[in-house]
Amino acid sequence: MSAFDGRALRDAFGSFATGVTIVTTAGPGAVDVGLTANSFSSVSLDPPMVLWSLARSAASLEAFRSCGHFAVHILSAEQEALSTRFASKGIDRFEALAVERGPGGIPLLPGCMARFACRLAYQYEGGDHVIFVGEIVEFSHSARKPLVFHGGRYGMLLPRQAGPAGEPGNLSTDDLLYQVSNAYFRTRQAVVEQLARKGWTAEAYAVLSIAGQGEGLAVHEIVARSWQLRGQPVSEDAVRQLIARGLLHEPEPARLRLTPEGRLAVMELSALRKASEAGVQGDLDPSEVQLLKHLLGRLELR
Ligand SMILES: Cc1cc2nc3c(=O)[nH]c(=O)nc-3n(C[C@H](O)[C@H](O)[C@H](O)COP(=O)(O)O)c2cc1C
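Caption draft 1: How the structure looks around the packing of helix H5 (residues 202-211) against helix H7 (residues 236-244). The interhelical angle for the contact between H5 and H7, taken along N-to-C directions, is 75 degrees, at an axis separation of 10 Å. By the criterion of interaxial angle, the relationship of H5 to H7 is roughly perpendicular. Contacts from Glu-203, Ala-204, Val-207 and Leu-208 of H5 reach H7 at Ala-238, Val-239 and Leu-242. Class assignment of the residues belonging to the contact of H5 with H7 gives a composition of six nonpolar, no polar and one charged.

Caption draft 2: View of the site of the ligand. Around the ligand sit 17 residues in total, of which Thr-36, Ser-39, Ala-55, Ser-60 and Lys-89 are the nearest. Residue Ala-87 places a main-chain N or O atom 3.3 Å away from an oxygen atom belonging to the ligand. Burial of the ligand by the protein amounts to 80% of the accessible area it has alone, namely 640 Å². Listed by contribution, the elements that provide at least two residues to the shell around the ligand are strand S3 (32-37) and strand S5 (49-55). Residue classes in the shell around the ligand are distributed as 10 nonpolar, five polar and two charged.

Caption draft 3: Region of the structure containing the layout of surface pockets. Empty space within the largest pocket amounts to approximately 2,200 Å³. The wall of the largest pocket is formed by 49 residues, among which Ala-183, Tyr-184, Thr-187, Leu-292 and Leu-296 lie closest to the centre. Among the secondary structure elements, those contributing two or more residues to the lining of the largest pocket are helix H4 (176-197), H5, helix H6 (219-230), helix H8 (260-281) and helix H9 (286-298). Looking at which element gives the most residues to the lining of the largest pocket, the answer is H4, with 13 residues. Looking at side-chain class alone, the lining of the largest pocket contains 27 nonpolar, 11 polar and 11 charged residues.

Caption draft 4: The side chain of Ser-226, seen in detail. Relative to the assigned elements, Ser-226 resides in helix H6. Overall, the relative accessible area of 0% leaves Ser-226 in the buried class. Beyond its immediate sequence surroundings of up to four residues, Ser-226 is in contact with Ile-210, Gly-231, Gln-232, Pro-233 and Val-234.

Caption draft 5: Molecular detail of the pattern of salt bridges. For the structure shown, the criterion picks out 10 salt bridges. The salt bridge partner of Arg-240 is Glu-236, with a shortest N-O separation of 3.3 Å. Taken together, the positions of Arg-240 and Glu-236, both in helix H7 and four residues apart, correspond to about one turn of that helix. Since its relative accessible area comes to 43%, Arg-240 is described here as partly exposed. A residue is classified by how much of its surface remains accessible, and Glu-236, at 39% relative accessible area, is partly exposed. Salt bridges sharing common partners tie together Arg-56, Arg-65 and Glu-125.

Caption draft 6: Seen up close, the domain arrangement of the protein chain. You can read the domains of the protein chain as domain 1 (6-156) and domain 2 (176-298). Just the C-alpha atoms count here: the centres of domain 1 and domain 2 sit 47 Å apart. A combined buried area of about 390 Å² lies between domain 1 and domain 2, and 61% of that area is made up of carbon and sulfur atoms. Interface area lost by domain 1 to domain 2 is led by Glu-78, Lys-145 and Met-156, which between them contribute 93%. Connecting domain 1 to domain 2 are two salt bridges.

Caption draft 7: Just the nonpolar core, in detail. Counting 25 residues, the largest nonpolar core has Trp-200, Val-207, Leu-208, Ile-222, Val-239 and Leu-248 as the members making the most contacts within it. Elements that contribute at least two residues to this core include exactly H5, H6, H7, strand S14 (255-258) and H8. It is H5 that provides the largest number of residues to this core, a total of eight residues. With sequence-adjacent residues up to four places away left out, Leu-208 is seen in contact with Trp-200, Leu-242, Leu-247, Leu-248, Leu-258, Ala-265, Val-266 and Leu-269. If you look at the next biggest cluster of nonpolar residues, it comprises 23 residues, including Ala-37, Leu-61, Ala-114 and Phe-132.

Caption draft 8: Structural view of the packing of H4 against H8. The interhelical angle for the contact between H4 and H8, taken along N-to-C directions, is 140 degrees, at an axis separation of 9 Å. Taken together, the axis directions place H4 and H8 in an arrangement best described as oblique. Relative to H8, H4 is oriented so that their crossing is right-handed. Between H4 and H8, the residues in contact are Thr-187, Ala-190, Val-191, Gln-194 and Leu-195 and Leu-269, Leu-272, Ser-276 and Val-280, respectively. For the contact of H4 with H8, the class distribution of residues is six nonpolar, three polar and no charged.

Basis of the calculations
Residues numbered from 1 in each chain as written. Predicted model: local features only at pLDDT ≥ 70, side-chain atom pairs only at ≥ 80, totals over all residues. Heavy atoms only, no water. Axes fitted to C-alpha atoms, helices over the stretch in contact; angles between N-to-C directions. Helix = DSSP H or I, 4+ residues; strand = E, 2+ residues; numbered from the N terminus. Parallel < 35°, antiparallel > 145°, perpendicular 65-115°, else oblique. Contact = heavy atoms within 4.5 Å. Nonpolar A, V, L, I, M, F, W, Y, C, P; charged D, E, K, R; others polar. Near = heavy atom within 4 Å. Polar contact = N/O pair within 3.5 Å; in protein donor to acceptor, adjacent residues only side chain to side chain. Areas by Shrake-Rupley, 256 points an atom, 1.4 Å probe, with all protein chains shown as cover. 1 Å grid on protein atoms, 1.4 Å probe; cavity = no way out; pocket = protein on both sides within 12 Å on 5 of 7 lines; lining within 4 Å. Points joined across faces, edges and corners; volume = space filled by probe spheres on them. Buried < 20%, exposed > 50% of the residue type's maximum accessible area, 1.4 Å probe, protein only. Salt bridge = Lys/Arg side-chain N within 4 Å of Asp/Glu carboxyl O. Domains from an automatic or database assignment. Buried area = accessible area lost by both parts, 1.4 Å probe. Core = buried A, V, L, I, M, F, W, Y, C linked by side-chain atoms within 4.5 Å. Left-handed = near helix turned anticlockwise from the far one by under 90°.

Below, the structure is given as structure tokens:
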């Protein structure tokens with residue numbers, strides 16, 4: 001019996017940030033076996049060796065104890081779902097995965113950051129775990145972003161920006177406010193240009209998207225709403241022009257709604273916006289886009 005509180009010890013272990021791996025082998029009867037593990041560590045360059053540890057309570061214990069080879073797959077930031085899958089019970093973890101075969105017929109998963117196929121070299125008792133040491137017989141590696149695990153949660157790696165600090169008194173391009181405004185104007189410009197190419201103004205876009213929310217607003221209410229949403233009002237004229245173009249109508253007094261043509265226009269505009277959004281994301285990968293949205297959502301202006 002440990003003298004420590006199990007929860008506290010688990011939390012203390014969890015404060016060590018790790019990557020996430022899936023370890024696989026071919027079990028008895030050539031059945032594919034695999035599980036999510038973050039106990040992985042590199043051990044030796046010469047000979048090339050790695051280790052990981054498996055709970056004695058794991059269903060796969062006997063398969064790994066008696067295996068000739070195993071493979072360690074280091075997961076990329078996009079593979080969180082795969083990690084969850086290989087930690088879940090009662091499902092076929094390999095279902096619909098295009099596995100390749102390594103030494104001894106072990107299953108190799110595609111699309112990982114790095115992959116080490118190992119010969120099982122040693123196994124050691126490690127309390128309620130067994131420590132497996134493997135000698136690498138082949139490996140591959142590609143430049144991706146890693147999936148990270150810390151404090152019982154998945155995360156992603158954010159490299160430190162080593163930018164020069166701005167001179168006091170100068171307008172520093174390193175300021176948060178500068179960067180946010182600059183990004184706003186650059187991304188907005190991209191959208192405005194897309195709209196202009198199709199003969200739309202940003203104002204018309206704003207009016208139609210507000211009117212498209214469907215509550216039936218008066219002209220002055222659309223103007224007020226545009227203040228709240230864009231930080232600048234649309235003109236009453238812009239609203240009236242859309243009425244004249246047959247995109248808005250007033251079935252009840254002071255209750256503007258989209259006409260069927262107006263609804264089509266909103267669909268066209270939202271397709272344009274989606275296309276611009278893809279352009280604005282540039283070469284950010286999906287995990288960076290997710291991170292950026294999360295951080296922008298947390299920005300608070302006082
Ligand atoms: C991020 C993460 C890391 C894990 N690391 C390990 C580990 O290093 N060793 C281990 O035995 N279980 C680890 N687990 C738990 C196993 O993946 C889980 O218990 C799995 O169901 C065991 O599979 P099995 O019982 O089929 O062998 C981890 C789970 C997660 C989500």
